[in-house]
Amino acid sequence: MQETPFCLSVGHLFPYSMSDSNTTDFTNPSTFILLGIPGLEASHVWISIPFCTMYIIAILGNFTILFTVKTEPSLHGPMYYFLCMLAFTDLVVSTSIVPKMLAIYWLNSREIDFTACLIQLYFFHCFTMMESGIFVAMALDRYVAICHPLRHSTILTNSVVAKIGLAVMLRSGMVILPYPFLLRQWPYCRTNIIPQPYCAHIAVVKLACADTHISSYYGLFVVLCVIGLDVIFIALSYTQILRAIFSLPTKDARLKTFGTCISHLCAILAFYIPSLFLSLMYRFGQNVPLHFHILIANVYLLMPPMLNPIIYGVGTKLIRDRLLRLFTHNRT
């Protein structure tokens, strides 16, 4: 039984088969070979340009969010603390895969140590799951702010926000921890070639020459019981939020209140909708070339880290005003 496609196990969006020339007889290789984008090796340098640009925008944007919230006292509140957690998570997710990806595209540096592969895999999946948990926390913040506005400051105190952040981090760290531990147990005697530019859980599982159903079932559990619950909780939160908004007496009040949720909703859509598209493409796009699968998945992985600071920077008035004051002051 295979895992259901999702951002946390995006490696299995790439069904592949190795030719006999790529298959060798060995046990437990010390290194893996990352192919980048098979079939487009000659275009790797050109392909790297948009990926590098997206990565630079993600780095600059998320550091700007962290700096802005840190230096502006009016932004020291639950919503912006969660936003800082999201920015930090995006930095780790993108940095866990992009530098090695660019090394493959620019320097043809395709080898990755087995332990380094497991570390990359762990951080990528762990912080991707952490991002999902932060979206749940942000949905909780919006629910309390709109449905119980008078109690918002007493419910979501700094200590409660810190405990939520710690819980999200521990949940992700503990749930993903079996991934590398299980992968380290399997013997690898088929090939050490991974036909994509980074290590992902199911991509490494496919290389093992043992019964790996436990890894597949556990990956399915992670998707359905952890990420699925996150989506359900967010949906329930916004059901209550919309009920509260539509109960407001005037149209202006409804629009103003709903406006406080726009940035969060856009970030959620940028995170979850592409994974649904990739799942559909995986199930019904069997004739789609492998390199197209990998290109689309790589773009998806870099889109949220790049878009989130833009969404919140443009859509959140306090952040926008603080940035305008900062740039105006520097120009003066």
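Described in the following lines is the structure provided in the data block. Being a predicted model, the structure only gives us computed values, none of them experimental. (Residues numbered from 1 in each chain as written. Predicted model: local features only at pLDDT ≥ 70, side-chain atom pairs only at ≥ 80, totals over all residues. Heavy atoms only, no water.)

Describing the nonpolar core
Burial of nonpolar side chains together is a common tendency in soluble globular proteins. Counting 92 residues, the largest nonpolar core has Phe-32, Phe-135, Tyr-188, Ile-194 and Val-204 as the members making the most contacts within it. Looking at this core, the element that brings in the most residues is helix H3 (residues 114-147), giving 18 residues. (Core = buried A, V, L, I, M, F, W, Y, C linked by side-chain atoms within 4.5 Å. Buried < 20%, exposed > 50% of the residue type's maximum accessible area, 1.4 Å probe, protein only. Helix = DSSP H or I, 4+ residues; strand = E, 2+ residues; numbered from the N terminus.)

Digging into the pattern of salt bridges
Inspection of every chain in the model, using the stated rule, returns two salt bridges. Of the charged contacts, one joins Arg-142 and Asp-141 as a salt bridge, the two residues approaching to 2.9 Å between their closest N and O atoms. Pair check on accessibility: Arg-142 and Asp-141 agree, each one buried. The closest approach of N and O atoms between Arg-171 and Asp-230, which form a salt bridge, is 2.9 Å. Of the two residues, Arg-171 sits in helix H5 (residues 158-176) while Asp-230 sits in helix H8 (residues 213-246), which places them 59 residues apart along the sequence. Take Asp-230: its relative accessible area is 5%, and that puts it in the buried class. (Salt bridge = Lys/Arg side-chain N within 4 Å of Asp/Glu carboxyl O.)

Considerations on the sheet that holds strand E2 (residues 111-113)
Judged by pairing direction, the sheet is mixed, and its three strands sit side by side in the order E2-E1-E3 without closing on themselves. Each end of this open sheet is capped by a strand with a single partner; those strands are E2 and strand E3 (193-194). Note that strand E1 (residues 31-34) and E3 share two bridges and pair parallel. By the bridge assignment for E3, Ile-33 is matched with Ile-193. Of the strands in this sheet, E1, E2 and E3 are in contact with H3, which crosses E2 at around 85 degrees. (Pairing = 2+ DSSP bridges. Contact = heavy atoms within 4.5 Å. Axes fitted to C-alpha atoms, helices over the stretch in contact; angles between N-to-C directions.)

Some remarks on the pairing of E1
The sheet contact formed by E1 and E2 spans three bridges and is antiparallel. Across the sheet, residue Thr-31 finds its bridge partner in E2, namely Asp-113.

With respect to the packing of aromatic side chains
To describe a pair of aromatic rings, one takes the distance between the centres and the angle between the planes. The final tally for this structure, using the stated rule, is 13 aromatic pairs. Seen in terms of ring centroids, Phe-114 and Tyr-188 are 5.7 Å apart; in terms of plane orientation they differ by 65 degrees. Their pairing is edge-to-face. You can see Phe-114 sitting in helix H3 and its partner Tyr-188 sitting in the loop between helix H6 (178-185) and E3, a full 74 residues away along the chain. Classification of Phe-114 as buried rests on a relative accessible area of 11%. Note on Tyr-188: relative accessible area 1%, which makes it buried. Pairing Phe-124 with Tyr-198 gives two aromatic rings, centres 5.5 Å apart and planes at 65 degrees, and the pair type is edge-to-face. A residue pair is termed long-range when its members are at least 10 positions apart, and Phe-124 in helix H3 and Tyr-198 in the loop between E3 and helix H7 (201-205) qualify at 74 residues. With relative accessibility at 0%, the residue Phe-124 sits in the buried group. An aromatic cluster of at least three residues, connected via ring pairs, comprises Phe-88, Tyr-122, Phe-123 and Phe-127. (Phe/Tyr/Trp six-rings, centres within 6.5 Å; stacked < 30°, edge-to-face > 60°.)

Let's talk about a nonpolar patch on the surface
A contiguous nonpolar surface patch, about 350 Å² in accessible area, is contributed by Val-45, Trp-106 and Leu-107. Checked against the element boundaries, Val-45 lands in helix H1 (residues 44-71). The class of Val-45 is partly exposed, set by a relative accessible area of 47%. (Patch = residues over 30% accessible without salt bridge, like charges linked within 9 Å, V, L, I, M, F, W, Y side chains within 5 Å. Areas by Shrake-Rupley, 256 points an atom, 1.4 Å probe, with all protein chains shown as cover.)

What about the packing of H3 against H6?
Between H3 and H6, the least distance of the axes is 9 Å, while the angle of their chain directions is 150 degrees. Considering their axes alone, H3 and H6 lie roughly antiparallel with respect to each other. With respect to the hand of their crossing, H3 and H6 are arranged in right-handed fashion. On the side of H3, the interface is formed by Phe-114, Thr-115, Leu-118, Leu-121, Tyr-122 and His-125, while H6 contributes Tyr-179, Pro-180, Leu-183 and Arg-184. Each residue belonging to the contact of H3 with H6 can be placed in one class, and the counts come to seven nonpolar, two polar and one charged. (Parallel < 35°, antiparallel > 145°, perpendicular 65-115°, else oblique. Left-handed = near helix turned anticlockwise from the far one by under 90°. Nonpolar A, V, L, I, M, F, W, Y, C, P; charged D, E, K, R; others polar.)

A short note on the state of the cysteines
Inspection of the entire model under this criterion finds one disulfide. What pairs with Cys-117 in a disulfide is Cys-199, and their sulfur atoms sit 2.0 Å apart. Across the disulfide from Cys-117 to Cys-199, rotation about the S-S bond amounts to roughly -120 degrees, and the bridge is consequently left-handed. With Cys-117 in helix H3 and Cys-199 in the loop between E3 and H7, this pair connects stretches of sequence that are 82 residues apart. Judged by its relative accessible area of 0%, Cys-117 is buried. Residue classification places Cys-199 among the buried positions, given a relative accessible area of 0%. (Disulfide = S-S within 2.5 Å.)

Some details on the packing of H5 against H8
Two elements in contact, H5 and H8, have axes whose closest approach is 11 Å; the angle formed by their N-to-C orientations is 165 degrees. The orientation of H5 with respect to H8, classified from their angle, is roughly antiparallel. H8 is crossed by H5, and the crossing has right-handed handedness. Where H5 abuts H8, its residues Arg-171, Met-174, Val-175 and Ile-176 lie against Tyr-218, Val-222, Val-226 and Asp-230. Tallied by class, the residues present in the contact of H5 with H8 amount to six nonpolar, no polar and two charged.

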